[in-house]
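Take a look at the letters that make up each chain.
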Amino acid sequence: MKFFLPVLLTTLCCGIGGTGVRASAAAEGTGAPLPEAAGRAVDFVKDIQPILTARCLDCHGPDKQKGGYRVDVKTAALTAGDHHAPNIRPGNSAESPLIHFVAGLDEDMRMPAKGAPLKPEEIGLLRAWIDQGAVWPDSASAAVQDPLDWWSLQPLVKPSVPPGAAHPVDAFVRAELAKRGIAPNPSADRRTLIRRVTFDLTGLPPSPEEVDAFVADTSPDAWEKVVDRLLASPRYGERWARHWLDVAHYGDTHGYDKDQPRPNAWPYRDYVIHALNSDKPYNQFVREQIAGDALYPGSADGITALGFLSAGPWDFIGHVELPESKTDGKIARLLDRDDMLSNTMTAFTALTVQCARCHNHKFDPVKQEDYYNLQSVFAALDRTDRTFDTDPETANRRAALQAERAPLAALVKDLESEGTGKGRVFQLERLITDLRQGAKAPERPEYGYHSQIADRQDTVKWVQADLGAASSSVPLTKVVMAAAHDDFAGIGAGFGFPLRWKLEISDDDAFQREVTVIADRTGEDFPNPRSEPVTVDASGKSGRYIRLTATKLAERQNDYILALAELQALDAAGRNVALGGRVTALDTTDVRPRWERSNLTDGYYHGRAARTTPEELAALEKEKAGLLKAEPPDSTAARLAEVRKNLADVDARLAALPPVRTVYAGTVLTGSGNFVGTGASGGKPRPVFVLRRGDVRQEGAPSVPASVPISHELPAEFHLPPDAPESARRAALAAWITDPRNPLTWRVIVNRVWQYHFGRGLSDSPNDFGRMGQKPSHPALLDWLAAGFRDGDQSLKALHRLLLTSETYRQASTGNDEAEKTDAGNTLLWRMNRRKLEAEAVRDTILDAAGKLDLTMGGPGYKDFVVEKPEHSPHYQYALHDPEDPATHRRSIYRFIVRSQTEPLMTVLDCADPSMSVDRRNETLNALQALALRNNKLTLAMAVHFANRVAAMAPTVEGRIHAAFRLALSRDPKPEETAALTAFAHEQGLVNVCRIIFNLNEFAFID
Amino acid sequence: MRNLSPFHRRAAASAGAPPLSRREFLFRSGGGLGGIALAGLLGGENLLASAVPGTSSQVFPPKAKRVIQLFMAGAASHVDMWDHKPELEKRHGRKWDPGEKVELFQSDLGNTFASPWKFKPYGQSGKMMSEIVAPLGPLADDMAFVHNLVSKSGVHSQATLLQSTGFVTPGFPGMGAWVSYGLGSLNESLPAFVVLPDRRGFPSNGQKNWDSGFLPGQHQGTIVQVGAENPIADLFPPQREFITTGGETAGLAMMNRLNQAHAAERPGDSRLEARIRSYELAAKMQLAAPEAFDLSKEPAKLLEEYGIDNSTKTWPTAINAAEEADLMGRKCLTARRLLERGVRFVQIWSGCDNGFPRRNWDSHEDIARDHGPLSLGMAKPVAALIQDLKQRGLLDETIILWTTEFGRMPCAQGSLGRDHNPFCFTNWLCGAGIQGGVTTGESDVWGYKPAAESVEVYDIHATILRLLGIDHTRLVFRHNGIDRRLTDVHGHVIEKLMA
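Along every chain, residues carry numbers that run from 1 in the direction the sequence is written. Note on labels: chains are lettered from A, ligands numbered from 1, in written order. This being a predicted model, a pLDDT of at least 70 is required before a residue's local features are given, and a value of 80 or more before pairs of side-chain atoms are given or counted; all residues contribute to the totals for chains, interfaces and linings.

## Thoughts on the overall build of chain B
For helices the rule is a DSSP run of H or I covering at least 4 residues; for strands it is a run of E covering at least 2, with both sets numbered from the N terminus onward. When helices and strands are tallied, chain B shows 13 helices and 14 strands. Counts of 20 or more other C-beta atoms within 10 Å of a residue's own C-beta define buried residues, counts of 12 or fewer define exposed ones, and intermediate counts define partly exposed ones; C-beta atoms are placed from the backbone. Taken across its 499 residues, chain B has 60% of its residues classed as buried. The contact rule is simple: place each C-beta atom from the backbone, and if two of them lie within 7 Å, those residues are in contact. Looking at chain B alone, contacts between residues at least 24 apart form 76% of all its contacts between residues at least 6 apart.

## Considerations on the overall build of chain A
Assigned secondary structure in chain A consists of 36 helices and 22 strands. Considered along the principal axes of its C-alpha atoms, chain A spans approximately 110 × 95 × 50 Å. Taken across its 1007 residues, chain A has 51% of its residues classed as buried. Residue pairs at least 24 apart in sequence account for 73% of intrachain contacts in chain A once pairs closer than 6 positions are excluded.

## Description of helix α13 (residues 457-467) of chain B
Residues and elements named next belong to chain B. With 10 of 11 residues buried, α13 is to be regarded as a mostly interior element. Close packing links the buried residues of α13 with β1 (66-72), α6 (156-165), α7 (175-183), β8 (398-404) and β11 (425-431). Remark: Gly-469 follows α13 within two positions and exhibits a positive phi of approximately 95°.

## Brief notes about the nonpolar core
Of all hydrophobic cores here, the largest spans 303 residues; its most connected members are Val353(A), Val750(A), Ala964(A), Val993(A), Cys994(A), Val346(B) and Ile399(B). If you tally residues by element for this core, the top one is helix α12 (residues 367-391) of chain B, at 10 residues. For the domains described, the bounds stem from an automatic or database domain assignment. Here this core gathers at least three residues from each of two domains, domain 2 (296-386 + 664-709) and domain 5 (938-1006) of chain A. Not counting residues up to four positions away in its chain, the partners in contact with Ala964(A) are Phe946(A), Val950(A), Val993(A), Cys994(A) and Ile997(A). Each nonpolar core consists of buried Ala, Val, Leu, Ile, Met, Phe, Trp, Tyr and Cys residues. Their C-beta atoms, within 7 Å, join them into a set. Grouped together as the second largest cluster of nonpolar side chains are 47 residues, Ala465(A), Ala483(A), Ala554(A) and Leu600(A) included.

## Re the interface of chain B and chain A
Contact with chain B, which involves 86 residues of that partner, is made by 90 residues of chain A. Elements represented by at least two residues in the side of chain B that touches chain A include exactly α2 (22-31), α3 (36-42), α6, α8 (245-264) and α9 (270-293) of chain B. The element contributing the most residues to the side of chain B that touches chain A is α8(B), with 10 residues. Ten residues, namely Ala, Val, Leu, Ile, Met, Phe, Trp, Tyr, Cys and Pro, are considered nonpolar, four, namely Asp, Glu, Lys and Arg, are considered charged, and the remaining ones, Gly among them, are considered polar. Considering only residue class, the side of chain B that touches chain A consists of 35 nonpolar, 33 polar and 18 charged.

## A short note on the environment of Ile710(A)
All names here are of chain A. Tracing the sequence through the fold places Ile-710 in the loop between β18 (699-702) and α23 (726-737). Classification of Ile-710 as buried rests on a count of 25 C-beta atoms within 10 Å. Between the alpha carbons of Ile-710 and Gly-574 there is a distance of 63 Å; along the sequence they are 136 residues apart. The contact partners of Ile-710, leaving out residues within four places of it in the chain, are Leu-148, Leu-153, Pro-365, Pro-743 and Leu-744.

## What to know about the domain arrangement of chain A
Examined at the domain level, chain A breaks down into domain 1 (5-140), domain 2 (296-386 + 664-709), domain 3 (392-416 + 632-657), domain 4 (443-608) and domain 5 (938-1006). Computed from C-alpha atoms alone, the centre-to-centre distance between domain 2 of chain A and domain 4 of chain A is 34 Å.

## Some thoughts on the sheet that holds strand β7 (residues 500-506) of chain A
Residues and elements named next belong to chain A. Taken in spatial order, the 5 strands make up an open sheet running β8-β7-β10-β3-β15, and their pairing is antiparallel. Of all strands in the sheet, those with a lone pairing partner are β8 (516-521) and β15 (583-585), marking the two edges. When the angles between neighbouring strand axes are averaged without regard to direction, this sheet yields 15°. Strand pairing follows a simple DSSP-based rule, namely that at least 2 bridges must link the two strands. Helix axes use the C-alpha atoms of the stretch in contact, all axes being lines fitted to C-alpha atoms, and the angles between their N-to-C directions lie in the range 0 to 180 degrees.

## Quick notes on the confidence of the model for chain B
Atomic detail in the predicted coordinates should be set aside for any region of low pLDDT. Overall, the predicted model of chain B reaches an average pLDDT of 87, with 88% of residues at or above 70. For this predicted complex, the interface score ipTM comes out at 0.85, while the overall pTM is 0.77. Within a predicted model, pLDDT stands for the predictor's per-residue confidence, ranging from 0 to 100.

## With respect to the environment of Gly959(A)
For Gly959(A), the position within the fold is in helix α33 (residues 957-969). Separated by 413 residues in sequence, Gly959(A) and Ile546(A) have C-alpha atoms that sit 96 Å apart.

## Concerning the confidence of the model for chain A
With 95% of its residues at a pLDDT of 70 or more, chain A has an overall mean of 89. Scored below 50 in pLDDT, residues 1-31 of chain A makes 75 contacts in the model with residues more than four places away or belonging to other chains.

## Some words on the sheet that holds strand β4 (residues 143-149) of chain B
Residues and elements named next belong to chain B. In space, the 8 strands of this open sheet follow the order β6-β5-β7-β1-β8-β11-β4-β12, with mixed pairing throughout. Of all strands in the sheet, those with a lone pairing partner are β6 (222-223) and β12 (439-441), marking the two edges. Where β1 meets β8, 7 bridges bridge the pair, whose relative direction is parallel. Each bridged residue has a counterpart across the sheet, and for Leu-70 the counterpart in β8 is Trp-402.

## A closer look at helix α13 (residues 282-295) of chain A
All names here are of chain A. Helix length check: α13, at 14 residues, gives a terminal C-alpha distance of 15 Å against a target of 20 Å (1.5 Å per residue), a shortfall beyond 12%. Taken across its 14 residues, α13 has 10 buried, putting it largely inside the fold. Those residues of α13 that sit buried are Tyr-282, Phe-285, Val-286, Arg-287, Glu-288, Gln-289, Ile-290, Ala-291, Gly-292 and Asp-293. Next to the buried residues of α13 lie α12 (266-277), α14 (300-304), α16 (327-349), α23, α24 (745-758) and α26 (796-804). Any helix carries an expected span of 1.5 Å times its number of residues minus one.

## Quick look at the packing of helix α32 (residues 937-953) of chain A against helix α35 (residues 990-999) of chain A
Residues and elements named next belong to chain A. Packing of α32 against α35 leaves a shortest axis separation of 8 Å and a crossing angle of 115°. Our pair here, α32 against α35, has a crossing hand that is right-handed. From α32, Thr-939, Leu-940, Ala-943, Val-944, Phe-946, Ala-947 and Ala-951 reach across to α35, where they touch Leu-990, Val-991, Cys-994, Arg-995 and Phe-998. Of the residues assigned to the contact of α32 with α35, the class counts are 10 nonpolar, 1 polar and 1 charged. Less than a right angle of anticlockwise turn of the near helix away from the far helix marks a crossing as left-handed, whereas a clockwise turn marks it as right-handed.

The structure is reproduced here in structure tokens:
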């Protein structure tokens, strides 16, 4: 956010929401007198409420509660407010923030924000009312809605089934119809039914043979057999995975600028298909997608499922070209986690938590704190490739071998660097890489060492570096200290540098004996060096440990600390012998990567690269080369050889395992450059703060991982220990979502499934079960289904079967004048809804009719484009694709989905936009669709194949038209249709007949 | 009933879950007021006022009917084009110190960097404009400048989306989509919202800048590749032996016959009729669009004014003003022809993605090398377009908005380029309802930040919607539980911009 406008807005609309510091400072500073309190008894209803209503209510009333404050509800007015509560202090108007604001004591917090200020008399009345005890009769207070008093948040209890029908679904539906006196439609004919259910469950038409068999099947369970056959078909998972991927906003490129491909996204798509085909219990399906790595360790599904978290778009530039220390880099990461958490909460609970990023949710019980608690759940994650094994046994063996390998590799490293100072080579390498870039080097996020906070400024604190055993006899010429530069809090240079301090050197790490003082600045305050490193003459003194002791700490806001970016000890050759040295301290606050003890000797501090001279760089290079060449002592060499052999052995066994696979997932990243992730700290979550107005520069209170308080029965808190691994946070959220007490999860999934079968959800806003969403048309039916689903096997296939075997599903879709008078929208389900085929089903059916559909399952997506200029911003050129390329004749679920340049045919047919969660496809009818279906090169190419196919099936034109109708429309043509099309075929050819069929309303709509 | 209408919010909030009415069903299936299905059924241009009873009084009398948005991809430099800064000339080459820490996107803080171009005053208003926009100088008194715009991001992707859709993340409808949704089409034979991208590639985020997002699909910007063999995808079939002119007509008639019979058996479903009609409209579009794109009948003198050069077949490899003007001129002239034929909103892009060699406004390396030809190649045809619209009386009904994702810094990057400046940049508007010759907000002495108050894209969008007769707070679409607006929760109409 850039940067003064948000601040401006704060004053304009945030109402009682600025900073308390500022308000009180202004009150003291200006010393402007407050208008005198009115000298009479004041009545709230008569004197005060009219002022509040006229001047405050627009921004602090039922519609808006800026700054979390409202003046129409007594308790809220007296106690609430984001930043100044209580704004009214009964008995003390002079100290009441509300009076300060209306009196204009603070330029930036003048109230009302719009319009003229209150008159002095009005302020006088307010003052008098407060001074007289702020008496507010309850009868004059608006009632506040209980945010939990909403249908979807009520405990889920299974209602009883009304009488009147054999099938429970019919019983619920008909009970409502009966109330309105509407008769349900009769059943559709068998041809219609099998076409309906086959498209519904598989996204493809039934074969003519399947139609014939069902029409001829006289057994009482003919319908059930069809349903079961389709549910068992692999095509089912392919069809229904697309529904889920719409919600998860899955894509195969990153989107945003450059829109680079994401070549390992597809294993998640395959996971969804497989999960549905194998009828994975829904709660497991949920848990795997949020925390499969933690909850199902060793299983491939537990990893591939994490593709859910990374399914949405990713801002490449914001992460790769910008560090987390820059404002735009912070925003990119905030929005990235926002996408992860809203994807999770929207998909599984239909809660629109993302509304609370900048302010408390206006309608639902989601406060800003809750939102940032959810940010904490995902705070360790990034989107990146993650490797995994396909079978648990290999995964276990690999994990064991890697566990065996890690100490061996560390030991090798230690032995190799023995005598040269552990970590020195590593630090040199990193440093040289940075310094080579000179002034262009991005600043590292590793600020330095940070002590714990002290209450008193004279608290003594120390931090010291171990220069290594070999250094104890090396005379030092200079000691250099660089002050920290805190970009994160926006404080800048000089952060935490002590006012009084001394530097000492000793061979005793406890500094109890033989301590030599290098510099003593404890006598008077030392000016803050800001970005200029402090150089102290060491005059040839030597010792193994060098210690900085602060006797007067640096002040933060109301407390005191010691922080330092870098401590260097230079020998006569100018070599920094402290580099990579072990750091100890009296106490420490580690907030990796910014604050960590080892940062003190990493050779790096803010602005370091810009100060580098070529000579210095050359010296560092030379030293590194020397260290790498240094021969270890003989005893070490023997040990090294042995350990290396063991390491090689482990590596060989690792290499013999089946190859690892890769999925693009929401996971802990161990990266480099600006895109570093949290891997280096073992996946320690980034600290998350409540951001005022969602502004990354306005950090408020720290957040803890937790969910949203949506239910009295289900606590939102996770109560995780502070050192719990990051995956425990996600596991806790997964447990919260799949807790049987969660009132949303079960209603949400059942409603989604209902919608895909019936064309409309029982609640018509599947992604929003909050107050802005739609109340269900059949609440008891929804609860009955949801409770049954929750308490049963959580089998989606069982749920499909239950819905599809109802008579309600099998009704004809034809209109009925009488019913339309009462319920034109068919909310009450007196008929089946006629469905427009989705983009994927249209394309798949065209390929199927043409005999070209390739049913190969899984693997990387097909690309129906040619990529030009892949090196920078790829151009995805659909126009250059050859529609005859058989590799692109697979089902549409396997399409490689580009975000910035979408496939024209699918797009015009209303396929889901992978940039947002789509709970329900738009269904449009427009000229561009007509043009695409008639003229698109794929439909034309397939019309030719379709014609060739039917030509081979029958010798006569009539026979060919008959075959084409049966393949594409699942019926025989009527005699007049055959006659007309036969005549047309003689004039225009069979291909044009096939082209017409692809464009028919009957092709596009399923009765 | 997600959307009773663009202005459904109040009604929906008070109603529970009423059954779908025929009209609602149409909105949903045909997709909003601008939907073709409705255009046919409700008819007329002023759908907005007549379609929603009780809301007409709250709609402002429109001062404009159409919009052209000129978008300079990559971030055009305000201080080199419109926002004259003598201070930069005075302090050129010296340390630049705005008195606070400056966070740059790519570079370290360079020295103060004067524009390589000279500025001079134009018109009654005496507006200072640079050599590289000189062709627009004579129109200075028609243009209203906003020099105090700020962005929310210094990253191209987010900032471009912010200007095009009002949000920094993808998935939101472009401004043209909102206008199409709110006002519908003036000519059902052409799309309401047309995008003329740079032929060399899409800008950052590609189609997400003109997407319909959650709005119904027909409001998405239709891409017209000016000068390409197939300017609109699938407008015509590729050449196949089985496709003949007569056959196409006969085929449509046959399909229509079968569809009518099918619909007759299924009364009460207006979508079936709407789909039949969509094929009729498609046929009309096949006639209307090629005619609209055909520049061959335009007089040679006019082509020359637009910078269109039919004689040069191959251009130099280095970036040059003549080629830029030719590319931009074709888009500008096509835009005029589309506006004449009733297209509501035309979005013209200058500049493509950040590929090599650079062909956009992101002049990190060399302002003079890239901004010179790009700007001259933009200013000439845009000036011709404004004059042309004026002469035809169309400027009185058309708003022109010139924009970009952010500005560029007053200091140098390297020694010749400028880094991103999201803290300040310029827009200008002209045409219907716009007060010409004014500057409504100034930048500071550097062009680094606004001098006083700032303006955001929401304010520009709110103002344009107002000129179109729309209250920006009431053009609403409920999506995933949120009543979405082009202006999010922001936006103040800039009264000073309006005539």
